[in-house]
Every structure is written in structure tokens, then in C-alpha cells.
Amino acid sequence: MEHTFVPAAGSVTACAVVHHHVAPEPPTPFVVVEIALDAGPVVRSLLRGASPDTVVIGGRVTGAVDDAGRFAFVAVG
Amino acid sequence: MGRHPLTQRPVHVAGIGLHRYQSRSATSYAELGVVAVREALADAGIGWPDVEAAVVGSALLGMAPGRIMLARLGASGLSINQVENASASGSTAVAQAVLMVASGLHDVVLAVGVDKPEPWRVAPAQAGIGSLEGGLVAPFTHFALLSSQYQAEHGLTVEQLAAVAVKNHRNGAANPYAQRQKVRTLDEVLDGPISGPFTRLQCCPVGEGAAAVIVMSADAVDRFGLKPARCPVFRASVQRSQGFVEPGGNPDAVLTVDTAQRAFDMAGVGPRDIDVVEMHDAFTIEEILYLEALGFCGPGEAAPLLETGAWDVGGRCAVSPSGGLLAMGHPLGPTGTGQVVEVARQLRGEAGVRQQPGARYGLTHMVGIGAVCVVHILEKGET
């Protein structure tokens, strides 16, 4: 299988603020988004560091790795 | 693809039975199932030895639940078949029972769905295929994301979405077999956030129960002297799984469109002919999405029509008159079988205060993780 690398940048197409989660991490509430990557694929991911009130459909996001090496998307702009 | 034998040999619903859906209890799954089967046998007016084969639908019970349960009715040596198809397990049990009779293999077959709320062990999570969301997208969040898309596209408000639950809780309050039997106000429904626009009462409850349907050939209906008017006939039985979906598309709705179209073609009727529907409304947005996917209305029209009463009992088409998964409950194995129980009751004219006047055609619809989809269309028995 060959890997195809695509840039982790795109726009939010759907979002949900999650208030109930079976695991302790991440603490609730957290935001899950669906992202149309500029390269074409559509993915779902945690939106790290987002305030639930500020996430908008069409908002720009990009992939980022935190200090613990965990990948997630963050809002930009 | 060959023609379903149902088009050559009619299959009737002869007996229906339920164990009330309820929160987890000390009652064994075997007892739940036996209660439903005994009720179906009594409803049909036949004995256990008359049943030639059984199909048991469950998702959470593990290996071989059928024989030890059914042996309580007598060790008759009948063929026992176990099916698991996630949320559609009970629907699949009915589909297999219908196929057994339609093919001519048997004349009297039992479909029984039963489950207890045991811990989930979902195979796709063990398939060796990782996901970016890493387990953060529980079913309610999957549908919350679909709701977010729909709200952005059609301007659906949280109040319009919650109105689905108000209707279905009202229906469930009139159903003695429902897990949730309480009328709820819009304010009550809007309380208690879970994920996205969903609140506790906009998500189906976790529970247990059992549902049983006895299907028969026309010869058997005649042989047992059953009243044809109490024996609705299956006009379509279709099972499909997810095909290719465009990125960002809604796989469950696309799958529903495909499955329903095949069912309508098989039955020779259209969405406008259907008087009563039991659908997979585990979360409120699903009723909106599937009403449109099933062709009952155009895109963006389901919620405004709900406000006019179109989907109420007595409206254009009664949608989830049992209370649906939101109020009747969704114990997995029983759910799809229980939908057929409700539609059969409606087509017999025996649904009491939940009765859709003049019901002639009914449709059941379930989706399951995978995704899979099962649709049945039934017609009122001859009067």
C-alpha cells in the first residue's frame, strides 16, 4: 500500500459540542468537528483548544501536534 | 440479482408478541424472550409444536442464546438460527423468517428479537483500521455532526428538532410496551445536553426487552383457520449495506434511499401509499433525515411538515406511532422485530388510541452499524 500525504488544512463542515463521554479524556465539554480538507478527503477530529461558542461552519482549521505528541485540529485565523 | 421468492409465495404475519421494553433488570433474557413468544403463539392461536423454525436476533447476548431460551417452550427439535446485525438484528431475523416461508422451505416460522444491555464489543473497532477521531465519535456524536450539517443547510432549529421527541414521547405514553411512557413538553425535551443539539430525551434509552413475530404461508393461515384480516401480508423485504458515498455525504441516508427504493419497487407502491411507518429514530435528527430519504417529503420539508401534524397519528402518515426508538426504546435485538409487531397491529386496526385511521400499508426501517439497512413493507390482510 502506498501512502499519499495531504496537507492537514481545511474548513469545518459540521461541529458538535460533546457533553457526555465514557472516557475521562478529553474532559467534557469538548468539540468534535467534521473537516473538508483542502486536498479533498473529509475527516472527523477533536478540535483542540476551541471554545464551544466560537466554532463556526466554514471556519478554517489546521492539524497540530501538542506537547504530548497528540494530533488534533486547531482553529486558525 | 434474482427475484425475491416473496413475489411468488405470499408471507403473512400471523402472531405478534412483546415483552415490555424496560431498563436493565434482574429478568433473564430467556424469560424476556419466552414472554414475547408465548404472547405471539396465543395471538396466532397455535401451539409451540406448530412452529417449524425460529430465527433469533440479538446483538449483545453472545454465542447461542436461542436454544436454551426456546427449550423452555418444549424441546421440539425445530431449526434454530441466530442472526446478529447490530441495530438491525431483529429486522434481519424477520427478513430471514420471511425468506424461509417465501422459499417454500417452511410454512410457520418464528422471528424473535431479544437482548439485555450487556457491554458492547463492536467488531469494526477491532478491524485494525485506525481512525483520526480515536473513539471520540459515539453514535450520538455521529448523528450530532449529521444534524449540524442539516441545520446549516436547511435552517432547522433546535426547537424543530426537539419536536420530533415531543411527538414520539406522546406516542410512547399511549403504548403499554414502551420503555418511556410519559408525555414530555418541549422544555423538558430541551433539558440535559448530551452532544451537539441532542439532549437526553432526544436520544433513545438503553434497555432490554423482547419481540416476537410468527410468519406463515397462506396455506398455513388457511389450515389453522386464522382470520385473513388479522394476517397482514409482506409486500417487500429488502436488506442492503453501505456502498460508495461521496466525501461528506450521509451514509445512513444514502443507504436508506437505496434500500427503500428497492422495497417500493418490490411492493409496487410508493411513499405516498404508506399510512404508518416505524423507523430508526434513535436520535431525533434521524427521523428528519429518513423521512426525506424514504421519499415521504422533499429535502428540508420534514420538520415544517411535522409542525403541521403530518406525521402524527391521524395525520398524513403516522410516524413511529409506537413511540419509536426514542420512547418505545431500542434494546437492539428486539427493535426491528418490534417494529413489525407495531405495524401489524396498526394494519389489523388493533392499535387502540395509537391507531392510524384506515391504515392499509405500513413500512419498517432499521439501520445498523456497518452500515446495513433493512426495510419491510406490509399490507393489510384481506377483509
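Notes on the structure in this doc start here. In this text, all values refer to a predicted model and were calculated from it rather than measured experimentally. (Residues numbered from 1 in each chain as written. Chains lettered and ligands numbered in written order. Predicted model: local features only at pLDDT ≥ 70, side-chain atom pairs only at ≥ 80, totals over all residues. Heavy atoms only, no water.)

**With respect to the overall build of chain B**
- What chain B contains, in helices and strands, is 12 helices and 12 strands.
- Looking at chain B residue by residue over its 383 residues, the buried ones come to 60%.
- The long-range fraction of contacts in chain B, counting pairs at least 24 apart against all pairs at least 6 apart in sequence, stands at 78%.
- Surface summary for chain B: the accessible area is close to 14300 Å², and the carbon and sulfur share equals 52%. (Helix = DSSP H or I, 4+ residues; strand = E, 2+ residues; numbered from the N terminus. Buried < 20%, exposed > 50% of the residue type's maximum accessible area, 1.4 Å probe, protein only. Contact = heavy atoms within 4.5 Å. Areas by Shrake-Rupley, 256 points an atom, 1.4 Å probe, with all protein chains shown as cover.)

**Some words on the interface of chain B and chain A**
- In this assembly, 20 residues from chain B lie in contact with 23 residues from chain A.
- Of the roughly 1600 Å² buried between chain B and chain A, counting both surfaces, carbon and sulfur atoms make up 66%.
- Looking only at chain B, the three residues that lose the most surface to chain A are L132, L136 and L145 of chain B, adding up to 37% of its buried area.
- At the junction of chain B and chain A, the tally comes to 0 salt bridges.
- At the junction of chain B with chain A, the criterion picks out 6 residue pairs in polar contact (both at pLDDT 80 or more).
- When contributions to the side of chain B that touches chain A are tallied by element, the ones reaching two or more residues are α4 (139-154) and β5 (193-195) of chain B.
- When residues of the side of chain B that touches chain A are assigned to their parent elements, the largest contribution, 9 residues, is made by α4 of chain B. (Buried area = accessible area lost by both parts, 1.4 Å probe. Salt bridge = Lys/Arg side-chain N within 4 Å of Asp/Glu carboxyl O. Polar contact = N/O pair within 3.5 Å; in protein donor to acceptor, adjacent residues only side chain to side chain.)

**What to know about the packing of aromatic side chains**
- Enumeration over the complete set of coordinates arrives at 3 aromatic pairs over all chains.
- Ring centres of F71 of chain A and F73 of chain A lie 5.5 Å apart, and the angle between their planes is 85°; this geometry places the pair in the edge-to-face category.
- Since its relative accessible area comes to 38%, F71 of chain A is described here as partly exposed.
- Summarising the aromatic geometry, the rings of F198 of chain B and F283 of chain B are spaced 5.7 Å apart at their centres and angled 20° between planes, so their arrangement reads as stacked. One end of the pair, F198 of chain B, is in strand β6 (residues 198-199); the other, F283 of chain B, is in the loop between β9 (276-278) and α9 (284-293), with 85 residues separating them in the sequence. Each member of the pair F198 of chain B and F283 of chain B is classed as buried. (Phe/Tyr/Trp six-rings, centres within 6.5 Å; stacked < 30°, edge-to-face > 60°.)

**Re the nonpolar core**
- Counting residues in hydrophobic clusters, the biggest one holds 67 residues, and the most contacted among them are I274, I285, W311 and I377 of chain B.
- A93, V109, Y177 and F234 of chain B belong to the second largest nonpolar core, which has 34 residues in total. (Core = buried A, V, L, I, M, F, W, Y, C linked by side-chain atoms within 4.5 Å.)

**Overview of helix α1 (residues 29-44) of chain B**
All names here are of chain B.
- With 16 residues, α1 extends 23 Å from end C-alpha to end C-alpha; this agrees with the ideal 22 Å at 1.5 Å per step.
- Those residues of α1 that sit buried are Y29, A30, L32, G33, V34, A36, V37, A40, L41 and A44.
- On the buried face of α1, the contacting elements are β1 (11-22), α2 (66-70), β4 (108-115) and β7 (208-217).
- Count one or two residues on from α1 and you reach G45, which has phi positive near 75°. (Expected span 1.5 Å × (residues − 1).)

**Digging into the environment of E286 of chain B**
All names here are of chain B.
- Note on placement: E286 falls in helix α9.
- Given a relative accessible area of 0%, E286 falls into the buried group.
- The sequence separation of E286 and A253 amounts to 33 residues, and the corresponding C-alpha distance is 8.7 Å.

**A short note on α9 of chain B**
Residue and element names in this part refer to chain B.
- Extensive coverage of α9 is indicated by the burial of 10 of its 10 residues.
- For α9, the set of buried residues is T284, I285, E286, E287, I288, L289, Y290, L291, E292 and A293.
- G295 occupies a position one or two residues after α9 and carries a positive phi of about 90°.

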